[in-house]
Amino acid sequence: MGTSKNSAYAYQIVGGWDRLASLNTWGYPYVTGTSVIGIKYKDGILMTADMGGSYGSTLRYKSVERMKPVGKHSLLGASGEISDFQEILSYLDELILYDNMWDDGNSLGPKEVHNYLTRVMYNRRNKFNPLWNSLVLGGIKNGQKYLGTVNMIGVHFEDNHVATGFGNHLARPILRDEWHENLSFEEGVKLLEKCMRVLLYRDRSAVNKLQIAKITEEGVTLSKPYALKTFWQFSAFQNPTVGAEGSW
Amino acid sequence: MFRNQYDTDVTTWSPQGRLFQVEYAMEAVKQGSAAIGLRSKTHVVLASVNKAQSELSSHQKKIFKVDHHIGVAIAGLTADGRVLSRYMRSECINYSYTYESPLPVGRLVVQLADKAQVCTQRSWKRPYGVGLLVAGLDESGAHLYYNCPSGNYFEYQAFAIGSRSQAAKTYMERRFEGFGVGEEFHILDNETVQGLIDAFEIVGEETPAPEEAAPAADEPAAADQGAPADEGAAPMDI
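Overview of the structure. (Residues numbered from 1 in each chain as written. Chains lettered and ligands numbered in written order. Predicted model: local features only at pLDDT ≥ 70, side-chain atom pairs only at ≥ 80, totals over all residues. Heavy atoms only, no water.)

### Description of the overall build of chain B
To keep it simple, the criterion reads: Helical segments are the DSSP runs of H or I of at least four residues, strand segments are the runs of E of at least two, and each set is numbered from the N terminus. The buried label applies to any residue whose accessible area, calculated with a 1.4 Å probe on protein chains only, is under 20% of its type's maximum; exposed applies above 50%, and partly exposed to all values in between. Every accessible area reported is derived by Shrake-Rupley at a probe size of 1.4 Å, with residue values counting cover from the shown protein chains alone.
The secondary structure content of chain B amounts to 6 helices and 8 strands. Counting helices and strands in the order they occur from the N terminus, chain B gives α-β-β-β-β-α-α-β-β-β-β-α-α-α. Expressed as a percentage of the 238 residues in chain B, the buried residues total 38%. Counting every atom, chain B has about 14,300 Å² of accessible surface; 54% of that belongs to carbon and sulfur.

Here's what the structure looks like:
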């Protein structure tokens, strides 16, 4: 290639992640987190993610905190490459620091943080050196609830409920049916646990150790890690290979 | 102010600790035609006296819309003012683009002040010869700031800059307590401004009180006749 360490030139990108990977060392994820789900509820935002960091198909790290508070008003959850999430936290740390240094009574709210992240993600995508994450940014400021998402290609939007990765396919249909305005805290938690249980059964990168975070006007609370009860004694799971002998 | 041996360079201090070039720049503001601003809890208003070079030329533009929520009125070297307005617009739009949110007025004003300060500490530059009244709305309410060529800035309830501004300042000082009583910044057209001026001119006229009953009309009218003599006229210092 003969190019600088993290550059990639447009005419080489034809298709396929392996093509992208060969052009720059960081265009491929190594340690990844799976789904993050966020919902608006009566007092603010509820967000949940499990604590798994997968190394390919190996469930290698099982105490990864994939949700972190940002400033006074926001909470960020990430799926995808964990090291890129840490990089993003470092950028946000600096952003919040400079915001606080103004010391003028103004502060960046969740909407501002979300848009800042969108600019970062989209600009990296344009340079063919993406931060390999799908992010969920939720928060509440002056009574206004905010929940948005942005991913590695810069696609961003806000909604009453968002999810990343497998959560989009398995959790959001549940949320579309069962989410409503002004969920109580208990209802919200139950709903999220229902989604996480489905993901636990069906997403092979999910681990049974999760955290739920809530952000309200008072601030962020991150729960202690806990596990969901599961049930595997369905009769359909007994003798799974019966009827599988022989040819198709 | 007289010429002296410390006033050639902006980077030369006088023995009394003054930077004469900066003070001369502030003098340019005082010589410019007036600009006035005042605010309430929810609104800020800017007004300016726009001179024309000659009978044939157009009137100078001295009020600029910087963003949907910020406007600025200038006095002094209007060319410098235009350049600073362009800088302010640029800062606002960059912030909006990154954060999808309006730039808080207080932060814009600090950036502007820091930019002005640079010109007071470089031997190859000169201070901006313009004073800016920055008016805007943000989360913490309505604000009016004055930015000096010196790089200082102050927040005001009401202020006036430029020639004969003292008259306006004195007038407002007597009344500012009554001011406390997000809308977009827009520049009023001539008809509206003239209409407002006409509405204010009540010296020597009967003030109509259509909503009051006829017998009571005499007393309020008499009181109104007395009041304009004190309240309507501003002291002139020319």
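### Brief notes about helix 5 (residues 185-202) of chain A
Residues and elements named next belong to chain A. Basically, it comes down to this: Each helix should span, by expectation, one fewer than its residue count multiplied by 1.5 Å. Throughout, a contact is declared for two residues whenever any of their heavy atoms are within 4.5 Å.
Its 18 residues place the ends of helix 5 26 Å apart at the C-alpha level, agreeing with the 26 Å of an ideal helix rising 1.5 Å per residue. By the burial criterion, the buried members of helix 5 are G188, V189, L191, L192, E193, C195, M196, L199 and L200. Residues of helix 5 that are buried sit in contact with strand 2 (36-41), strand 3 (44-50), helix 4 (166-178) and strand 12 (210-216).

### Some points on the interface of chain B and chain A
Short version of the rule: Only one rule defines a salt bridge in this text: a Lys or Arg side-chain nitrogen within 4 Å of an Asp or Glu carboxyl oxygen. For this analysis, a polar contact is any N or O atom pair within 3.5 Å, provided that within protein one partner can donate a hydrogen and the other can accept it, and provided that sequence-adjacent residues contribute only side-chain to side-chain pairs.
Chain B puts 12 residues into the contact, and the matching count from chain A is 14 residues. Summed over the shared surface of chain B and chain A, the number is 3 salt bridges. Viewed at the interface, chain A and chain B are joined by 7 residue pairs in polar contact (both at pLDDT 80 or more). Of all the secondary-structure elements, those providing two or more residues to the side of chain B that touches chain A are helix 2 (78-99) and helix 3 (105-118) of chain B. The biggest single contributor to the side of chain B that touches chain A is helix 2 of chain B, with 4 residues.

### Some thoughts on the sheet that holds strand 6 (residues 141-147) of chain B
Residues and elements named next belong to chain B. As a reminder, the rule being used: When DSSP finds two or more bridges between a pair of strands, those strands are recorded as paired. Axes here mean lines fitted to C-alpha atoms, for a helix over just the part in contact, with angles spanning 0 to 180 degrees between N-to-C directions.
Read across the sheet, 5 strands follow the order 3-4-5-6-7 without closing on themselves; strand pairing throughout is antiparallel. Since the sheet does not close on itself, it has two edges, and those belong to strand 3 (63-67) and strand 7 (153-155), each with one partner. Strand-to-strand, the axes of this sheet are offset by a mean angle of 25°, without reference to chain direction. With 3 bridges connecting them, strand 6 and strand 7 associate as antiparallel partners.

### Let's talk about the packing of helix 4 of chain A against helix 5 of chain A
Residues and elements named next belong to chain A. Convention followed: Helix crossings are classified by the rotation of the near helix relative to the far one: an anticlockwise turn of less than a right angle makes the crossing left-handed, while a clockwise turn makes it right-handed.
As a packed pair, helix 4 and helix 5 sit with axes 10 Å apart at the nearest point and diverge in direction by 145°. Considering the relative orientation of helix 4 and helix 5, their crossing is right-handed. Between helix 4 and helix 5, the residues in contact are F166, G167, L170, A171, I174, L175 and E178 and L191, K194, C195, V198, L199 and R202, respectively.

### Description of the sheet that holds strand 12 of chain A
Residue and element names in this part refer to chain A. Pairing is antiparallel across the open sheet formed by 5 strands, whose spatial order is 11-2-3-12-13. The sheet is open, and its two edges are formed by strand 11 (161-163) and strand 13 (219-222), each paired on a single side. Neighbouring strand axes in the sheet, compared pairwise and without regard to direction, differ in orientation by 15° on average. Note that strand 2 and strand 3 share 6 bridges and pair antiparallel.

### Focus on the pattern of salt bridges
A side chain of one charge can pair with a side chain of the opposite charge when the charged atoms of the two come close. Residue and element names in this part refer to chain B. Applying the stated criterion across every chain, the model contains 13 salt bridges over all chains. Close ionic contact of R18 with E23 constitutes a salt bridge, the shortest N to O distance being 2.9 Å. We classify R18 as partly exposed; its relative accessible area is 35%. Residue E23 is classed as partly exposed on the basis of its relative accessible area of 22%. Between R39 and E155 there is a salt bridge, and its shortest N-O distance comes to 3.7 Å. Here R39 is found in strand 1 (residues 35-39), whereas its partner E155 is found in strand 7, with 116 residues between them in sequence. For R39, a relative accessible area of 18% puts it in the buried group.

### Remarks on the packing of aromatic side chains
Which entries qualify depends on this criterion: Stacked, edge-to-face and tilted labels apply to pairs of Phe, Tyr and Trp rings (six-membered ring for Trp) whose centres lie within 6.5 Å, assigned for plane angles under 30 degrees, over 60, and everything in between, in that order.
Scanning the model with the defined rule gives 12 aromatic pairs over all chains in all. When the ring of Y116(A) is compared with that of Y99(B), the centres are 6.1 Å apart and the planes differ by 10°; the resulting orientation is stacked. Linking Y116(A) in helix 3 (residues 110-126) with Y99(B) in helix 2, this pair reaches from one chain into another. Across this residue pair, the class does not change: Y116(A) and Y99(B) are buried. Considering the side-chain rings of Y95(B) and Y99(B), the 4.6 Å spacing of their centres and the 45° angle between planes classify their relative orientation as tilted. In this pair, Y95(B) and Y99(B) are both assigned in helix 2, 4 residues apart and thus about one turn of the helix distant.

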